[in-house]
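Observations on the model geometry
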Amino acid sequence: MDVLIAVDKFKGTLSGKDLAETLAAGIKRIDRSLNPVICPIADGGDGTVDAALAAGYTEVTCQVTGPLPSIEGLAQVEARYAFDEATLTAVIEIAEAAGIWRLRQHQLDTWNATSYGAGELVRHALGIGAKTLVIGVGGSATTDGGAGLMQALGASLRDIDGQELTPGGGALASLDVLDLSGLGARLDEVQIFVACDVTNPLTGSNGAASVYGPQKGASEEQVNLLDQNLQKLAISVERELNVSRGTYADAPGAGAAGGLGFACLSVLGAIMRPGTEVCFELTGFTQKLPAADIVITGEGKLDTQTLQGKGPAGVAREAKEQGKTVLAVCGLNELEEDAWRQAGFDDVYSVVGAGASLEESLADPRRFVEQLGEAIARDYLTGR
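Here we summarise the structure given alongside this text. (Residues numbered from 1 in each chain as written. Predicted model: local features only at pLDDT ≥ 70, side-chain atom pairs only at ≥ 80, totals over all residues. Heavy atoms only, no water.)

Right, let's get into the overall build of the chain. When you go through the chain residue by residue, the secondary structure sums to 14 helices and 13 strands. The C-alpha radius of gyration computed for the chain amounts to 22 Å, which stays within 12% of the reference 21 Å derived for 384 residues, consistent with globular compactness. Its C-alpha atoms put the chain at 75 × 45 × 40 Å along the principal axes. Looking at the chain as a whole, 55% of its 384 residues are labelled buried. Within the chain, contacts between residues separated by at least 24 positions form 71% of all contacts whose residues are at least 6 apart in sequence. Surface accessibility of the chain: about 16,000 Å² in total, with carbon and sulfur atoms responsible for 45%. (Helix = DSSP H or I, 4+ residues; strand = E, 2+ residues; numbered from the N terminus. Rg over C-alpha atoms; globule rule 2.2 N^0.38 Å. Buried < 20%, exposed > 50% of the residue type's maximum accessible area, 1.4 Å probe, protein only. Contact = heavy atoms within 4.5 Å. Areas by Shrake-Rupley, 256 points an atom, 1.4 Å probe, with all protein chains shown as cover.)

Below, the discussion takes up the pattern of salt bridges. Counted according to the given criterion, the structure contains 18 salt bridges. The salt bridge involving Asp8 is made with Lys9; its shortest N-O contact spans 3.4 Å. By relative accessible area, which is 18% here, Lys9 ends up buried. Note that Lys320 is salt-bridged to Asp346, the shortest N-O span being 2.7 Å. Linking Lys320 in helix α11 (residues 311-321) with Asp346 in the loop between α12 (337-342) and β13 (347-350), this pair joins segments that are 26 residues apart in sequence. If you follow the salt bridges from partner to partner, you end up with Arg29, Glu370, Glu374 and Arg378 in one network. (Salt bridge = Lys/Arg side-chain N within 4 Å of Asp/Glu carboxyl O.)

Strand order across the open sheet formed by five strands is β2-β1-β11-β12-β13, with parallel pairing between neighbours. Looking at strand neighbours, the two that pair on one side only are β2 (37-38) and β13, the edges of this open sheet. Both strand β1 (residues 3-7) and strand β11 (residues 294-302) contribute to a ladder of five bridges, which runs parallel. Along β11, the bridge assignment pairs Ala6 with Thr297. Strands β1, β2, β11 and β12 (325-333) of the sheet are contacted by helix α1 (residues 16-30), whose axis makes an angle of about 150° with β1. The sheet contacts of α11 involve β1, β11 and β12, and relative to β11 the element is tilted by about 160°. (Pairing = 2+ DSSP bridges. Axes fitted to C-alpha atoms, helices over the stretch in contact; angles between N-to-C directions.)

Bringing the nonpolar core into the picture now. Within the largest apolar cluster, 59 residues are counted, with the highest numbers of intra-cluster contacts made by Leu133 and Leu157. The contacts of Leu157, once residues within four sequence positions are left out, are Ala147, Met150, Gln151, Gln163, Glu164, Leu165, Leu172, Leu175, Val177, Leu178 and Leu233. Core analysis: the second largest hydrophobic core is formed by 25 residues, Leu19, Val329, Phe368 and Leu381 among them. (Core = buried A, V, L, I, M, F, W, Y, C linked by side-chain atoms within 4.5 Å.)

The next point concerns the environment of Arg158. Here Arg158 is to be found in strand β7 (residues 156-158). Counting along the chain gives 116 residues from Arg158 to Pro274, while the straight-line C-alpha distance between them is 34 Å. Contacts of Arg158, omitting those with residues within four sequence positions, involve Gln163, Glu164, Leu165, Ser174, Leu175, Asp176, Val177 and Asp179. Of the polar contacts made by the side chain of Arg158, one reaches the side chain of Ser156; its length is 2.7 Å. (Polar contact = N/O pair within 3.5 Å; in protein donor to acceptor, adjacent residues only side chain to side chain.)

Next up on the list: the packing of aromatic side chains. This model, assessed by the stated rule, comprises one aromatic pair. With a centroid separation of 4.5 Å and an interplanar angle of 40°, the aromatic rings of Phe280 and Phe285 are classed as tilted. Positioned over the ring face of Phe368 is Arg367, at 4.3 Å from the centre of the ring. (Phe/Tyr/Trp six-rings, centres within 6.5 Å; stacked < 30°, edge-to-face > 60°. Lys NZ or Arg CZ within 6 Å of the ring centre and 35° of its normal.)

Okay, the state of the cysteines next. Structurally, a disulfide amounts to a covalent bond that connects the sulfur atoms of two cysteines. Per the counting criterion, the structure on display carries zero disulfides. In this model Cys39 remains outside any disulfide bridge; the closest cysteine sulfur is found in Cys279, 10 Å from its own. Unpaired in this structure, Cys62 has its nearest cysteine sulfur neighbour in Cys264, at a distance of 16 Å. Look at Cys62 and you get buried, because its relative accessible area is 9%. (Disulfide = S-S within 2.5 Å.)

In short, geometric facts, not functional conclusions.
In structure tokens form, the structure reads like this:
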């Protein structure tokens with residue numbers, strides 16, 4: 001019986017790699033002859049770098065500008081990305097530099113938050129010879145349309161007095177001159193993919209500011225102003241690139257990461273791809289799947305968001321197309337049985353559903369996850 005464990009993280013407790021190894025330990029406790037194949041996955045958001053590292057990429061760290069340069073501890077941060085020397089591919093998470101995870105609730109300030117550090121990550125990867133960039137755009141604290149990223153890569157955004165704009169989406173109200181001439185030729189020599197599972201445009205009622213701004217600390221008034229500022233940036237960029245208005249701003253995913261998707265599509269010439277699809281290729285899931293009889297997938301919480309293209313749903317879809325049995329593991333399951341079966345899961349194993357309280361599972365996740373592995377082995381792998 002060949003088993004493939006392709007799981008995302010239990011956010012805040014176990015990485016995808018830790019979760020997979022703990023499940024495998026539980027399985028082997030029941031039958032030591034079983035040797036599950038481990039393949040952590042992600043959906044393009046946080047965890048994408050970890051998934052690449054688990055697949056054999058090398059970790060690279062560097063100092064970059066944090067999401068809020070005016071706050072001590074957030075001005076400079078240590079960020080990491082994954083690099084494969086054989087293919088010269090770098091896997092970058094925007095959230096490593098500009099992630100909302102770096103901020104406490106009272107520090108949320110998307111008006112002033114910048115994506116400058118994300119641009120520095122790209123610059124660093126180019127500096128060590130990357131020829132392909134995979135950029136995961138989930139979890140940013142920003143709503144600056146990627147203005148900071150552009151500036152870090154050599155673009156100039158100036159006000160009417162010729163002064164470079166200060167960080168943040170709020171400063172875009174003063175944008176008068178956009179100059180992309182300093183971006184450099186190296187960007188023309190690399191292929192860039194954006195791993196993204198959202199389809200929001202840059203602006204409007206479904207845009208970056210309106211949908212995600214409030215979660216990042218924007219007041220109602222700031223949401224409206226940020227949306228106007230992003231429109232102003234889009235007009236300037238599309239005019240500079242000599243394309244029709246809305247060519248990039250209205251593209252699905254342009255509103256990802258506070259509009260950083262727009263900057264990647266337009267200024268960097270990136271190709272937008274589904275995050276799960278990109279991660280499957282990075283981790284080798286696509287190559288490992290055919291040999292498996294049973295596939296175990298999952299994440300911290302199974303809910304309606306899981307069904308909207310997140311990693312476990314993608315695993316189930318791919319596995320079912322090849323006739324595999326698919327089991328899901330989670331900390332908490334909020335889906336009705338009809339919903340998870342329709343998504344392609346043959347069974348769901350939940351830590352909380354197995355008798356542990358939420359508090360207990362958070363305090364000792366490995367013990368309860370290992371028990372899930374034991375239960376799966378008994379139910380599906382040994383016949384006992």
